[in-house]
Amino acid sequence: MTDILPGDPRYAALVEGYNHRFTGRPDHVRQVRTTAEVAAAVREAVDSGRRVAVRSGGHCFEDFFANPEIQMLIDLAPMSAVSYDAHRRAIMVEAGITLGALYPILYDTWGVTIPGGTCFEVGVGGHITGGGYGHLSRRDGLVVDHLYAVEVVVVDESGTVDVVVATREPDDPHHELWWATAGGGGGSFGVVTRFWLRSPGVDSDDPSRLLPTAPRRIRRCDVLWSWDGMTEDALTRLIANYCGWLERHSAVDAPETQLWSNLIVMHRSAGIVALTAVIDDAVEGAARMLDDQLAAIGDGTGLTPRSVDRNVVDWMASWMPSYSWPSDPKGRYKNKAGYLRRGYTDKQLATIFRYLADPEYANPAAGIVLTAFGGQVNAVPSGATAAAQRDSVVKASYSAGAWQSPDDDAVNTAWVRAFYRDVYAESGGVPVSGDVSDGSYISYPDVDLADPEWNTSGVPWHTLYFKDNYPRLQRVKRRYDPRDIFRHGLSVRLPD
Ligand SMILES: Cc1cc2nc3c(=O)[nH]c(=O)nc-3n(C[C@H](O)[C@H](O)[C@H](O)COP(=O)(O)OP(=O)(O)OC[C@H]3O[C@@H](n4cnc5c(N)ncnc54)[C@H](O)[C@@H]3O)c2cc1C
């Protein structure tokens, strides 16, 4: 256990995360190495009446651990062990490890992986509790679909700190805590110290069979289109074609769910639109599937890509680090998100073009990212875990990216807020569940959804994130965090 105080050279980096718009000022940062140390830190915070929060990888979009009201920050980064637990027949992962450290261990030791994100600096603590998805999710579902158990430090009504292990076994007395931790978002119920991973239906004591097999070689196709000469018709057709392909090829058992892709449509000032599509090279017809998708995306646009690169590369050594998402340059961000059950309406596409081509705004790190979703994610019922959105085909993120100076906050946040509001103009400025949209992703948190200035839909923020699962999450909150010790801008609220 180490206490890092203001003035210590390590303090500044710990109280500020990925998003430099937010900086905390806790009395100290408590670095912990064991569950007992986490419990002791929480006990100390509760006994002294100080507000406490936890960070794992520090990649939160909002200020949930970097809020000036937080007085004690628990840093889980030193808790990064991974091992096979023969008793639970599951792979145990401590919550402070980053994805970039976890993937090589899973791969080198057992040849397995989890369908998580590709930003290597993201921490498992925030990632898994939020649901967790990545380029294998269409094939393998969400990370929480492989979550067997969690160990959580909780605080009861009397202020007593306890350590609870909750599993997905239906007769586990703490089953509800497992359920809530599987997608209900970090920072709402307690401090998760350990996760145990084992795919559902697997009955083996061989750790190499407990989780999805990792690809060995990946076939990738990287395409760039230029904004030079880009017309509204061409760009909107390109986006509609991309979403249309995903609408047609994301059924649970569709062969194309082996393929994952990201369409990144940057603001005109960046000059490019980029597609990355990947598929395990061992899949039959892998090359054809990539070509078919690319042909479908370009159909009728009249666009000729500036470049098309097709490669087969080693999955772990080459693809994973190459697609480790931009943590650099570190800077200030505003991100927003929404699920798509089908492609955007024509009106929404026109709005998207208007903002991305906006000549009054220039930020080459601003744009939208349309990530392929669906497939095995949609094989799981909405109420089976707290991750409720189980029939979408695209995850959309709207982002004003890394700028450095606080002086530029107003222009960038105003742009992305107006962009999002106008895309969802027909549903009160937010992605209300309907034919096209299905709310948003709690791991891409956006406090504007709880702000009546930006959400005029009448649909509360928690319905947008958790749908019908919210009342059940509130019951878990009342049972495991009745004093609301763990809270932030979008934490589950105690029921009335
Ligand atoms: C560049 C970038 C790329 C991303 N890519 C993806 C992606 O591909 N797929 C995807 O699903 N998500 C992605 N995300 C979102 C990411 O999963 C979330 O931001 C996640 O919450 C980060 O986890 P963390 O531990 O790094 O964050 P932190 O900032 O440390 O924590 C986030 C929240 O979780 C809480 N928390 C952290 N650890 C614990 C714990 N042990 N117990 C209880 N609560 C905890 C914190 O208090 C905070 O409220 C990305 C984010 C970024 C910034």
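Higher on the page you've got the structure.
Residues numbered from 1 in each chain as written. Predicted model: local features only at pLDDT ≥ 70, side-chain atom pairs only at ≥ 80, totals over all residues. Heavy atoms only, no water.

Caption draft 1: Empty space enclosed by the protein, seen in detail. Scanning all chains against the criterion turns up three cavities of 30 Å³ or more. There is about 90 Å³ of room inside the largest cavity. Around the largest cavity, the lining is made up of 15 residues, and of these Gly130, Tyr339, Ala387, Gln389 and Tyr441 lie nearest the centre. Its residues assigned to classes, the lining of the largest cavity shows 10 nonpolar, four polar and one charged. Residue contributions to the lining of the largest cavity reach at least three from each of two domains, namely domain 2 (82-213) and domain 3 (217-467). Volume-wise, the second largest cavity comes out at about 50 Å³. (1 Å grid on protein atoms, 1.4 Å probe; cavity = no way out; pocket = protein on both sides within 12 Å on 5 of 7 lines; lining within 4 Å. Points joined across faces, edges and corners; volume = space filled by probe spheres on them. Nonpolar A, V, L, I, M, F, W, Y, C, P; charged D, E, K, R; others polar. Domains from an automatic or database assignment.)

Caption draft 2: The state of the cysteines, seen in detail. A full pass over the atoms with the stated rule returns zero disulfides. Considering cysteine sulfurs only, Cys60 is the nearest to Cys119, which forms no disulfide, with 13 Å between them. Exposure remark for Cys119: the relative accessible area of 12% places this residue in the buried category. With no disulfide of its own, Cys243 lies closest to Cys221 among cysteine sulfurs, the gap being 17 Å. With relative accessibility at 0%, the residue Cys243 sits in the buried group. (Disulfide = S-S within 2.5 Å. Buried < 20%, exposed > 50% of the residue type's maximum accessible area, 1.4 Å probe, protein only.)

Caption draft 3: The arrangement of the nonpolar core in detail. One finds Val42, Ile239, Tyr344, Leu370 and Tyr398 to be the most contacted residues of the largest nonpolar core, which totals 151 residues. Broken down by element, the residue count for this core peaks at eight residues, all from helix α7 (residues 232-248). Ignoring any residue separated from it by four or fewer positions in sequence, one finds Ile239 in contact with Leu263, Val265, Tyr344, Leu349, Ile352 and Leu370. Core analysis: the second largest hydrophobic core is formed by 11 residues, Leu14, Val29, Phe65 and Ala66 among them. (Core = buried A, V, L, I, M, F, W, Y, C linked by side-chain atoms within 4.5 Å. Helix = DSSP H or I, 4+ residues; strand = E, 2+ residues; numbered from the N terminus. Contact = heavy atoms within 4.5 Å.)

Caption draft 4: Quick look at the site of the ligand. Neighbouring residues of the ligand: 33 residues in total, closest Val54, Ser56, Gly123, Tyr133 and Tyr441. In the environment of the ligand, an oxygen atom lies 3.0 Å from a nitrogen or oxygen atom belonging to the backbone of Gly126. Within the residue set of the shell around the ligand, elements represented by two or more residues are β3 (52-55), α4 (124-129) and β9 (191-197). Here the shell around the ligand takes three residues from α4, the largest share from any one element. Per-class residue counts for the shell around the ligand are 16 nonpolar, 16 polar and one charged. (Near = heavy atom within 4 Å. Polar contact = N/O pair within 3.5 Å; in protein donor to acceptor, adjacent residues only side chain to side chain.)

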